[in-house]
Amino acid sequence: AQSVTQLDSQVPVFEEAPVELRCNYSSSVSVYLFWYVQYPNQGLQLLLKYLSGSTLVKGINGFEAEFNKSQTSFHLRKPSVHISDTAEYFCAVSEANTGGFKTIFGAGTRLFVKA
Amino acid sequence: DAGVTQSPTHLIKTRGQQVTLRCSPKSGHDTVSWYQQALGQGPQFIFQYYEEEERQRGNFPDRFSGHQFPNYSSELNVNALLLGDSALYLCASSHRAGPTNEKLFFGSGTQLSVL
């Protein structure tokens, strides 16, 4: 069965500093990997996804993530954060089976950007 | 183009009661997934509906049931409510056979409080 572990529950960082949010996954089959962002009082929005091909994927708002199959990781990075990046970030893994896609989420990492 | 809409936005119930939550998927989408997000946690997969049938199910008791209608809209029913059912319930839609069928579009959720 697939599972997702987000290694940090909270990450405080100063504005314009780099940030990395860590994610590890487990699955018995090929997977799709995602990062979603949830701003206060809003639903989840897709930040970026890895389906196949290049292991470095770029998303919206300057975020990028690197898929590492040997370490089963999919860490999210941004070279310089803004106050507006303060939100909850969820790593997710999706497996295809006969029933369709089933997407499982991690517990989330709260990114808090300080001035 | 309307996105995923959920109703109601907030709901207060007492223990033992029953509740029905509603979801209209994004235009062109045919698959609806339901998630439970407790405070400070990641979304937990409840079940997924496609072609009016439950296709996949997470680790939730039979008190949680659902339905999908011919117009692809969906309902989530919870019977015999417990205090622990208090959470944000998220609906996500996708297009099963579409080119980005792995991508979920989320509604803003229904906040359920059980007293």
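Above this text you will find the structure in question.
Conventions we followed
Residues numbered from 1 in each chain as written. Chains lettered and ligands numbered in written order. Predicted model: local features only at pLDDT ≥ 70, side-chain atom pairs only at ≥ 80, totals over all residues. Heavy atoms only, no water. Helix = DSSP H or I, 4+ residues; strand = E, 2+ residues; numbered from the N terminus. Rg over C-alpha atoms; globule rule 2.2 N^0.38 Å. Buried < 20%, exposed > 50% of the residue type's maximum accessible area, 1.4 Å probe, protein only. Contact = heavy atoms within 4.5 Å. Areas by Shrake-Rupley, 256 points an atom, 1.4 Å probe, with all protein chains shown as cover. Lys, Arg positive; Asp, Glu negative; His and termini not counted. Charge placed at Lys NZ, Arg CZ, Asp CG, Glu CD. Buried area = accessible area lost by both parts, 1.4 Å probe. Salt bridge = Lys/Arg side-chain N within 4 Å of Asp/Glu carboxyl O. Polar contact = N/O pair within 3.5 Å; in protein donor to acceptor, adjacent residues only side chain to side chain. Nonpolar A, V, L, I, M, F, W, Y, C, P; charged D, E, K, R; others polar. Disulfide = S-S within 2.5 Å.

Visitor: Describe the overall build of chain A, naming the residues involved and giving the relevant values.
Guide: Helix and strand counts for chain A come out as zero helices and twelve strands. Each helix (α) and strand (β) of chain A, taken in turn from the N terminus, gives the series β-β-β-β-β-β-β-β-β-β-β-β. Computed over its C-alpha atoms, the radius of gyration of chain A comes to 14 Å, within 12% of the 13 Å expected for a compact globule of 115 residues. With the C-alpha coordinates aligned to their principal axes, the bounding extent of chain A is approximately 45 × 30 × 20 Å. For chain A, with 115 residues in total, the buried portion stands at 49%. For chain A, the share of sequence-separated contacts (at least 6 apart) that also reach a separation of at least 24 residues comes to 56%. In the structure as shown, chain A presents an accessible area of about 5500 Å², 51% of it carried by carbon and sulfur atoms. Counting 9 positive and 9 negative side-chain charges, chain A places the averaged centre of each group 5 Å from the other.

Visitor: Which residues make up the interface of chain B and chain A, and what values do they have?
Guide: Listed as interface residues are 22 residues of chain B and, on the opposing side, 21 residues of chain A. Overall, the association of chain B and chain A removes approximately 1700 Å² of surface from exposure, summing both partners, and the carbon and sulfur fraction of that is 53%. The largest share of the area that chain B buries against chain A comes from Gln56(B), Glu102(B) and Phe106(B), three residues that together contribute 33% of it. In this structure, the connection of chain B to chain A is made through zero salt bridges. Run the count over chain B and chain A and you get four residue pairs in polar contact (both at pLDDT 80 or more). Per element, the largest residue contribution to the side of chain B that touches chain A is three residues, and it comes from strand 6 (residues 53-57) of chain B. Looking at the side of chain B that touches chain A residue by residue, the classes come out as seven nonpolar, ten polar and five charged.

Visitor: Can you lay out the state of the cysteines for me, pointing to particular residues and giving the numbers?
Guide: What we call a disulfide is simply a covalent bond connecting the sulfur atoms of a pair of cysteines. Inspection of the entire model under this criterion finds two disulfides over all chains. One disulfide in the model links Cys23(A) with Cys91(A); its S-S distance is 1.9 Å. The disulfide joining Cys23(A) to Cys91(A) has a torsion of about -65 degrees about its S-S bond and is therefore left-handed. Highlighted residues: Cys23(A) in strand 4 (residues 23-26) and Cys91(A) in strand 10 (residues 87-97), separated in sequence by 68 residues. Between the sulfur atoms of Cys23(B) and its disulfide partner Cys91(B) the distance amounts to 1.8 Å. Measuring handedness by torsion sign, the sulfur bridge of Cys23(B) and Cys91(B) sits at about -60 degrees and is left-handed.

Visitor: Break down the side chain of Asp85(B) for me, with residues and values.
Guide: Residue and element names in this part refer to chain B. For Asp85, the location among the structural elements is in the loop between strand 8 (74-78) and strand 9 (87-94). Note on Asp85: relative accessible area 5%, which makes it buried. The residues contacting Asp85, other than those within four sequence positions of it, are Gln36, Arg63, Phe64, Val78, Ala80, Leu112 and Val114.

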